[in-house]
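Structural overview
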Amino acid sequence: MKGAEIISVELVNDLKILSCFNTDNHEQGIKIHSECSPELAVAAKRLFDKGLITRDDGGYLTDIGAKTAENLEALLISLR
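Residues numbered from 1 in each chain as written. Predicted model: local features only at pLDDT ≥ 70, side-chain atom pairs only at ≥ 80, totals over all residues. Heavy atoms only, no water.

What follows deals with helix α3 (residues 63–79). Side chains that are three or four residues apart share a direction in an α-helix, a result of its 3.6 residues per turn. For α3, with 17 residues, the first-to-last C-alpha span of 25 Å sits near the 24 Å given by 1.5 Å per residue. Of the residues making up α3, those classed as buried are G65, A66, A69 and L72. Taken end-on, α3 shows its buried residues confined to a sector of 125°, consistent with a single buried face. Across from the buried face of α3, at angles greater than 90 degrees, the exposed residues are D63, I64 and S78. Buried-residue contacts for α3 involve α1 (9–19) and β3 (58–61). (Helix = DSSP H or I, 4+ residues; strand = E, 2+ residues; numbered from the N terminus. Expected span 1.5 Å × (residues − 1). Buried < 20%, exposed > 50% of the residue type's maximum accessible area, 1.4 Å probe, protein only. Arc of directions from axis to C-beta. Contact = heavy atoms within 4.5 Å.)

Next up, the structure:
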């Protein structure tokens, strides 16, 4: 199946972090706490490195992060 190989565990964890953000209120951020799984903490760092969030432990969505999170939300709604 074309594209299936790009849906890695890492990508799923990135999507889990993005889905935690409230797309209706961009002034509401998230914080990755120490009790969070290490895999999700690393995912937040990846999103920060890609410029999608403002801090490597959460923070707020950047402009491109907000658009990405909104697209993810639309995708999740359509697949339910």
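By size, the foremost hydrophobic cluster in this structure holds 14 residues, and its most contacted members are I17, L18, F21, L47, I53 and L61. Residue assignment for this core shows that the elements contributing at least two residues are α1, α2 (38–49) and α3. Setting aside its immediate chain neighbours within four residues, L47 contacts D14, I17, L18, L52 and I53. (Core = buried A, V, L, I, M, F, W, Y, C linked by side-chain atoms within 4.5 Å.)

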